[in-house]
Amino acid sequence: MIDLSVQVGGLRLKNPVMPASGTFAEELTHLLDFNQLGALVTKTITSEKRTGNPMPRVCELADGMMNAIGIPSKGADLFIDKVVPFYRGFDSPLIVSISAPTAQGFADLAARLSDVPGVAGIEANISCPNLEAHGQSFGMQAESTRSVVALMRQVTSLPLWVKLTPNAGEVVPVALAAQDAGADAVVVGNTLLGLSIDIERGRARLGNFMGGISGAAIRPLMVRLTYQCAKALEIPVIGCGGISTADDALEFIYAGASAVQVGTATFLHPKAMNIMVGELEAFCQRKGVASISSLIGALDDSAAEPFGALP
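Summary of the structure given here. (Residues numbered from 1 in each chain as written. Predicted model: local features only at pLDDT ≥ 70, side-chain atom pairs only at ≥ 80, totals over all residues. Heavy atoms only, no water.)

## Quick look at the sheet that holds strand S15 (residues 237–240)
Filter applied, for reference: Two strands pair if DSSP finds at least two bridges between them. Per the convention used, a helix needs a DSSP run of H or I reaching at least four residues, while a strand needs a run of E reaching at least two, with both numbered from the N terminus. Residue contacts are defined here by distance: any two heavy atoms, one from each residue, within 4.5 Å place the two residues in contact. Interaxial angle, 0 to 180 degrees, is taken between N-to-C directions of lines fitted to C-alpha atoms, where a helix line uses only the stretch in contact.
Strand order in the open sheet made by the 8 strands is S3-S16-S15-S10-S9-S8-S7-S4, with parallel pairing throughout. Only two strands of the sheet have a single partner each, and these edge strands are strand S3 (17–19) and strand S4 (40–41). Here S4 runs beside strand S7 (residues 94–98); their pairing, made up of 2 bridges, is parallel. The residue of S7 that forms the bridge with Val41 is Ile95. Relative to the sheet, helix H5 (residues 219–232) contacts strand S10 (185–188) and S15, its axis offset from that of S15 by approximately 175 degrees.

Pasting the structure below:
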């Protein structure tokens, strides 16, 4: 029997596969076996109601997609009253992704969720605009990351995962700041900011002008960032970005990820995560690996310079 379980940020997961926030919802229950997943990560919620960005919110790319959804939310009240009870019916732990425009807003929402039965952990999406820094996201700087994570750590004892942005000039110092402030794990990471233009109309293809790139196109970048963060941190790293098969997931695991999140692939193949779990077990069986945790950070990097040699 292959042991696919992994320890991630205060939780023991049955396997390393989970959805990325914003790409998973209750409607998938008739297509996907939720109980087979390592964890269930919700769409990002906010305390207040939000309508999100103007249409169009999504456009297709040659090797991925771009989105500018804008975190639409029906608010924390409805989420706690209606959505959390739905997820209590599943075995996989529920991780609630949260966002707020201020550090105190993050802390208030984290504190509130800490008392809700069925919530196993919190994922702080610090890639959102920070009103206290003229719209720059918390995750762009180490100091703003440290401040917001420290406030959340003071008010919750739940496992606290911090989702980083690859748009920061230096991601490792930001990850270290999250660790120092009390994060139990970091997610590497969110989408990469881009711009796609409709040349026939001479206009941006998204209603919000710019948006986040996801899908296979960004995977090598995210594997690199995962590797760098895993080398520098003592807490677990969760890899995310362009994962659609077990082979993709294993790249992140070899690079040091304790678990992975799947996003864009679910839009194309709703059963992708279930298939991935089976493929991971088959890979371990073929390679004679008794426990997938033994592959975490197993990359042979003897020829690499610290944090990866420059080309």
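## Description of the pairing of strand S9 (residues 160–164)
Just so we agree on the cut-off: Only protein chains enter the calculation, and the probe is 1.4 Å; a residue is then buried if its accessible area is under 20% of its type maximum, exposed if over 50%, and partly exposed in between.
With 5 of its 5 residues buried, S9 lies for the most part within the structure. Burial along S9 is two-sided: the face carrying Leu160, Val162 and Leu164 and the face carrying Trp161 and Lys163 are both buried. Pairing of strand S8 (residues 119–125) with S9 involves 4 bridges; the strand directions are parallel. Counted as the bridge partner of Ala124 is Val162 from S9. As paired elements, S9 and S10 share 4 bridges and run parallel to each other. Opposite Lys163, over in S10, you have Val187 as the bridge partner.

## Topic: unusual backbone geometry
A cis geometry characterises the amide bond from Met55 onward to Pro56, with omega recorded as -10 degrees. Tracing the backbone shows Pro56 in the loop between S4 and strand S5 (58–61). Phi at Ile71 takes a positive value of approximately 50 degrees, unusual for a residue other than glycine. Topologically, Ile71 is positioned in the loop between strand S6 (64–67) and helix H1 (76–87). The class of Ile71 is partly exposed, set by a relative accessible area of 21%. In this structure, Phe209 is a non-glycine residue whose phi angle is positive, near 75 degrees.

## Describing the side chain of Ser144
Relative to the helices and strands, Ser144 resides in helix H3 (residues 142–155). Ser144 has contacts with Ser137 and Phe138, leaving out every residue within four places of it along the chain.

## Looking at helix H8 (residues 272–287)
Note the threshold: The span you would expect from a helix comes to 1.5 Å times its residue count less one.
Along its 16 residues, H8 runs 22 Å from first to last C-alpha, staying within 8% of the 22 Å computed at 1.5 Å per residue. Of the positions making up H8, those classed as buried are Ala272, Met273, Asn274, Met276, Val277, Leu280, Phe283 and Cys284. Elements in contact with the buried residues of H8: S3, helix H6 (246–255), strand S16 (259–262) and helix H7 (264–268).

## What to know about the packing of aromatic side chains
What counts, and what does not: Aromatic pairs are defined between Phe, Tyr and Trp rings, using the six-membered ring for Trp, whenever the two ring centres lie within 6.5 Å; interplanar angles under 30 degrees are classed as stacked, those over 60 as edge-to-face, and all others as tilted.
What the rule picks out here adds up to 7 aromatic pairs. Measuring from ring centre to ring centre gives 4.7 Å for Phe24 and Phe34, while their planes differ by 45 degrees; the resulting arrangement is tilted. Of this pair, Phe24 sits in the loop between S3 and S4 while Phe34 sits in the loop between S3 and S4, and the two are 10 residues apart along the sequence. Every member of this aromatic cluster is reached through a ring pair, and the members are Phe24, Phe34, Phe86, Tyr87 and Phe90.

## Observations regarding the sheet that holds S6
The sheet built from 4 strands is open, its strands ordered S5-S6-S14-S11 with antiparallel pairing. In this open sheet, the two edge strands, each paired with only one partner strand, are S5 and strand S11 (192–194). This sheet shows a mean twist of 35 degrees between the axes of neighbouring strands, independent of strand direction. Where S6 meets strand S14 (residues 211–214), 3 bridges bridge the pair, whose relative direction is antiparallel. Within S14, the position partnered with Met65 by the bridge is Ser214.

## Some thoughts on the pattern of salt bridges
Worth spelling out the cut-off: Counted as salt bridges are all cases of a side-chain nitrogen of Lys or Arg within 4 Å of a carboxyl oxygen of Asp or Glu.
Counted by the stated rule, this structure contains 8 salt bridges. Across the salt bridge formed by Glu143 and Arg146, the nearest N and O atoms sit 2.5 Å from each other. Of this pair, Glu143 and Arg146 both sit in helix H3, 3 residues apart, roughly one helical turn. With a relative accessible area of 52%, Glu143 lands in the exposed category. Among the salt bridges present, the one from Arg219 reaches Glu251, with a minimum N-O distance of 3.8 Å.

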